[in-house]
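One-letter residues, chain by chain:
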Amino acid sequence: MSVVDLTRLAGLVFLAVSCVVLGDTAGKMLTANGADPFFVAWSRFALGALLLLPVSGLRVSELRDLWRWPIILRAMLILSGICCILTALRTEPIANVFGGFFIGPVVSYILAIVFLGERPSSWRSISFAVGFLGVMLVVQPGLGMTTGMVFALAAGCFYGGYLVMTKRIAGQVRPRFLLMSQLIIGTVVLAPFAGVAAWPESNVSVWGLIFLSAAGSACGNFLLVLANRRGEASLIAPLTYTQLLTATAIGGLAFGDWPDWVAWTGLALILASGFVILLLTPRT
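Residues numbered from 1 in each chain as written. Predicted model: local features only at pLDDT ≥ 70, side-chain atom pairs only at ≥ 80, totals over all residues. Heavy atoms only, no water.

**Describing the pattern of salt bridges**
Opposite charge on two side chains lets them pair, provided their charged atoms get close.
Phase 1 of the analysis: Counting across every chain of the model gives 4 salt bridges.
Phase 2 of the analysis: Its salt-bridge partner being Glu-62, residue Arg-59 comes within 3.4 Å of it at the nearest N-O pair.
Phase 3 of the analysis: Owing to a relative accessible area of 7%, Glu-62 belongs among the buried residues under this scheme. (Salt bridge = Lys/Arg side-chain N within 4 Å of Asp/Glu carboxyl O. Buried < 20%, exposed > 50% of the residue type's maximum accessible area, 1.4 Å probe, protein only.)

And the structure:
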């Protein structure tokens, strides 16, 4: 891949992850206004499905694949991760939550070795170890670790499992069907929880936040699908670390939540880990 193509791919991935952060920012505002994370998660899946259905190319013959256990497990992992991250965002700064969330690539790396038979490499293991150290500096585990950061770590673990399941079945179904399957299953599974959860007061600003939460997530994930068609997964994964830049900027500007120096150090290590993986990954 040429430098120009890599630059374009990086720009597309950065736009995608920035859309996701915007969606999560709207979700944080909704939970601050009394909305339950289960309601926010359900509205995100339901509206996301409606927004992407016209461009999904979904065929009736594909609906039977929704009952396949890998498809269901993959959807359950991502919906659990989203519920956890929305819960974490109720009380924690956005940058810190995403810092903890980036335990996901480390979990994915380990699970891929154990369950998919991928061969570990020394430089990649060292890079992920540095990233893990960065995550620990952000979440600061110990007696003072907050419940919100526990949920952020749980979200990352669920996301790591989701990435491995995506790798396992990526070649078996269309990428856009994979995206629609998680939206449809998430909508159905979360509906009973959303029905009994606290809903926010209905007004124009709240519905605007609900739409932004769903649209940001849907557009971000759709752009990541497009990015995966242009580049290898080994290139896409480290580029998603740029999500921390948007999360830190939005958290500081919108909520005044700037990380302390320890968290800043952790975020820097996570970003450095991602860029080392990007630079050392062989490109065709």
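**Here we look at the side chain of Ser-217**
Phase 1 of the analysis: Within the fold, Ser-217 resides in helix H9 (residues 204-230).
Phase 2 of the analysis: Discounting residues that sit within four places of it in the chain, Ser-217 has contacts with Cys-19, Gly-23 and Arg-44. (Helix = DSSP H or I, 4+ residues; strand = E, 2+ residues; numbered from the N terminus. Contact = heavy atoms within 4.5 Å.)

**So, the packing of aromatic side chains**
Phase 1 of the analysis: Under the counting rule described, the total for this entry stands at 10 aromatic pairs.
Phase 2 of the analysis: Relative to Trp-199, the ring of Trp-42 lies with its centre 6.2 Å away and its plane at 40 degrees, an arrangement referred to as tilted. Linking Trp-42 in helix H2 (residues 37-56) with Trp-199 in the loop between helix H8 (175-196) and H9, this pair joins segments that are 157 residues apart in sequence.
Phase 3 of the analysis: With relative accessibility at 46%, the residue Trp-199 sits in the partly exposed group.
Phase 4 of the analysis: The structure contains a cluster of three or more aromatic residues connected by ring pairs, namely Phe-98, Phe-101, Phe-102, Tyr-159, Tyr-162 and Tyr-241. (Phe/Tyr/Trp six-rings, centres within 6.5 Å; stacked < 30°, edge-to-face > 60°.)

**Some words on a nonpolar patch on the surface**
Phase 1 of the analysis: A contiguous nonpolar patch, built from Ile-110, Val-114, Phe-115 and Leu-116 and spanning about 410 Å² of accessible area, is present on the exposed surface.
Phase 2 of the analysis: If you trace the backbone, Val-114 turns up in helix H5 (residues 104-115). (Patch = residues over 30% accessible without salt bridge, like charges linked within 9 Å, V, L, I, M, F, W, Y side chains within 5 Å. Areas by Shrake-Rupley, 256 points an atom, 1.4 Å probe, with all protein chains shown as cover.)

**A word on H8**
One full turn of an α-helix is made of 3.6 residues, so residues set three or four places apart face in the same direction.
Phase 1 of the analysis: For H8, built from 22 residues, the straight-helix expectation of 32 Å at 1.5 Å per residue is met to within 8% by its first-to-last C-alpha distance of 33 Å.
Phase 2 of the analysis: Where H8 bends most, at Leu-190, the angle is about 45 degrees, and the proline Pro-192 comes one to four residues later.
Phase 3 of the analysis: Every buried residue of H8 is accounted for by Phe-177, Leu-178, Leu-179, Met-180, Ser-181, Gln-182, Leu-183, Ile-185, Gly-186, Thr-187, Leu-190 and Ala-194.
Phase 4 of the analysis: Summarising the contacts, the buried residues of H8 are in contact with H2, helix H3 (69-89), helix H7 (147-169) and H9. (Expected span 1.5 Å × (residues − 1). Bend = angle between axes of the 7 residues up to and from the residue.)

**A look at the nonpolar core**
Phase 1 of the analysis: By size, the foremost hydrophobic cluster in this structure holds 58 residues, and its most contacted members are Leu-30, Phe-45, Ile-85, Phe-98, Leu-183, Leu-244 and Ile-270.
Phase 2 of the analysis: Per-element accounting of this core gives the leading share, 10 residues, to H3.
Phase 3 of the analysis: Setting aside its immediate chain neighbours within four residues, Phe-45 contacts Ile-78, Leu-79, Ile-82, Gln-182, Leu-183, Gly-186, Thr-187 and Leu-190.
Phase 4 of the analysis: With 13 residues, the next largest nonpolar core counts Val-13, Ala-16, Val-17 and Ala-227 among its residues. (Core = buried A, V, L, I, M, F, W, Y, C linked by side-chain atoms within 4.5 Å.)

**Brief notes about the environment of Gly-161**
Phase 1 of the analysis: For Gly-161, the position within the fold is in helix H7.
Phase 2 of the analysis: Gly-161 sits in the buried class, given a relative accessible area of 12%.
Phase 3 of the analysis: Gly-161 sits 62 residues away from Gly-99 along the chain, and the two C-alpha atoms are 17 Å apart.
Phase 4 of the analysis: If sequence neighbours within four positions are ignored, Gly-161 has contacts with Leu-77, Val-107 and Leu-111.

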